Amino acid sequence: MSDSELLNWLQLARTQNVGPVTFAHLVRRFGSAAAALEAVPAMAQKGGARKLVLATRMQVEDELAKAQRLGITLLPQYDARYPDLLRNSEGAPPILCVRGNVASLLKPAIGLVGSRNASAAGRKMARMLSAGVGQAGFATVSGLARGIDAAVHEASLNTGTIAALAGGVDQIYPPEHEALYEQIQTNGCIISEMSIGFIPRAVDFPRRNRVIASLSQALVVVEAAERSGSLITARLAAELNREVCAVPGSPLDPRAGGANRLLRDGASVITCAQDILDALGAPQSRVQLEFGFEELENPQSYGNEAAPIALPAPEVLHGLIEVALSHTPLDINSLARELALPVHALSTALLELELAGRLERHAGGLVSLGE
């Protein structure tokens, strides 16, 4: 693909209200990023937006030039080096920013996550597991945070480790990990779906967690409290049909509460690196977790897709959708059933509302009202 095509992808990906799922819908609908760029302003206007902030060509050309100066690779989904597991996951970033050894993304990977306020025993276990799976030929994936994440990266510097960031790939967080950040790039890499220079916010970390889960054949929680971002990553991994694993801990240690709950809910027990390899060797099954995962129904289950149907006018349909939705995410099948319409009939209206900032998409095919 040409630089022009990369710039088209970058321009669409950086456009207001175009997240990864919407990006995929638009490219699939219009056949290319260039065609989608021509269509989205009118779609947003029909959705009720007064003005859509379309990324400019100058902005994305500047980003590409900055990436080249900093030695950052912009990796679109159509690039052969883009990891297959991530590409084939719902909500895959249209473009990954990569700093370091891009080839490390082609290795099979194991995700290991856990508490920032980790115990010494937890960090030791994280190092043992990471070194073991590294020797077995796997890269490790984690989030460069304090505690367990840092131990994971440190133990697999020689075998390859991938650090996924919530901010721009040039934004080192926490700052004390600058030396570790530099070391990772030799046999591994730093990745982010956010633009270069982007300062992370709290709301950006779940997207980072989804990338970690998507890249990983198995996701191991080493140490995590009952209310922990690591449990979000585990839930996302379960939604993606990844093997979910956890290291058991003392019931008296609150830092083990979340991992123990995962084990109660069916996660594989991990006491050594071989346990992870054994879990991957067994037939993989979806882990049913009690904290929010539910099997989605067949997207074609409501409405007769082949039968002709008279749709309301766009502005009427937009209003019906907004009345049916709330700020609590709802799956699209339930929305279709509520409105007595086939799923395919809602697709354009949902795109229009999302581009107008009136609707938000969530993992697992869920939608809610925009903020």
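Read on for a plain summary of the structure.

### Points about the packing of aromatic side chains
With the rule as written, the count across this model stands at 2 aromatic pairs. Residues Trp9 and Phe23 carry aromatic rings whose centres are separated by 4.9 Å and whose planes lie at 55° to one another, so their mutual orientation is tilted. You can see Trp9 sitting in helix α1 (residues 3–13) and its partner Phe23 sitting in helix α2 (residues 20–30), a full 14 residues away along the chain. Residue Trp9 shares its accessibility class with Phe23, and that shared class is buried. On the numbers, 5.0 Å between centres and 85° between planes, the contact of Trp9 with Tyr78 is edge-to-face. Of the two residues, Trp9 sits in helix α1 while Tyr78 sits in the loop between β1 (72–76) and α5 (84–87), which places them 69 residues apart along the sequence. Trp9 sits in the buried class, given a relative accessible area of 9%. An aromatic cluster is built from Trp9, Phe23 and Tyr78, whose rings are joined through pairwise contacts.

### Overview of the side chain of Ser130
Among the structural elements, Ser130 can be located in helix α6 (residues 120–135). Given the relative accessible area of 0%, Ser130 is considered buried. For Ser130, the contacting residues outside a window of four places in its chain are Leu112, Thr140, Val152, Ala155 and Ser156.

### Quick word on the pairing of strand β8 (residues 243–246)
Of the two faces of β8, the one holding Glu243 and Cys245 and the one holding Val244 and Ala246 are both buried throughout. Across 4 bridges, strand β7 (residues 218–221) lies against β8 in parallel orientation. Counterpart to Val221 in the pairing with β8 is Ala246. Handedness of the crossover joining β7 and β8 through helix α10 (residues 229–239): right-handed. Of the pairings in the sheet, the one linking β8 to strand β9 (residues 268–269) comprises 2 bridges and is parallel in character. Counterpart to Ala246 in the pairing with β9 is Val269. In this fold, the crossover linking β8 to β9 by way of helix α11 (residues 257–264) has right-handed handedness.

### Topic: the pattern of salt bridges
Considering all chains together, one arrives at 14 salt bridges under this definition. One salt bridge connects Glu193 with Arg207, and the closest N-O pair in it is separated by 2.7 Å. Here the residue Glu193 occupies a position in the loop between β6 (189–192) and α9 (205–215), and Arg207 occupies one in helix α9, the gap between them amounting to 14 residues. Owing to a relative accessible area of 11%, Glu193 belongs among the buried residues under this scheme. Owing to a relative accessible area of 34%, Arg207 belongs among the partly exposed residues under this scheme. For Arg235, the salt bridge identified is with Glu239, shortest N-O distance 3.0 Å. With a gap of 4 residues between them, Arg235 and Glu239 both fall in helix α10, about one helical turn apart.

### Let's talk about the pairing of β6
Residue alternation in β6 divides its side chains into two sets, Cys189 and Ile191 and Ile190 and Ser192, and both sets are buried. Across 4 bridges, the pairing between strand β2 (residues 95–100) and β6 is antiparallel. What sits directly across from Gly100, in β6, is Cys189. In this structure, strand β5 (residues 161–164) lies alongside β6, joined through 3 bridges in parallel fashion. Counted as the bridge partner of Ile162 is Cys189 from β6. Once you follow β5 into helix α8 (residues 178–187) and on to β6, the crossover reads as right-handed.

About the criteria used
Residues numbered from 1 in each chain as written. Predicted model: local features only at pLDDT ≥ 70, side-chain atom pairs only at ≥ 80, totals over all residues. Heavy atoms only, no water. Phe/Tyr/Trp six-rings, centres within 6.5 Å; stacked < 30°, edge-to-face > 60°. Helix = DSSP H or I, 4+ residues; strand = E, 2+ residues; numbered from the N terminus. Buried < 20%, exposed > 50% of the residue type's maximum accessible area, 1.4 Å probe, protein only. Contact = heavy atoms within 4.5 Å. Pairing = 2+ DSSP bridges. Right-handed = clockwise from strand over helix to strand, strands pointing away. Salt bridge = Lys/Arg side-chain N within 4 Å of Asp/Glu carboxyl O.

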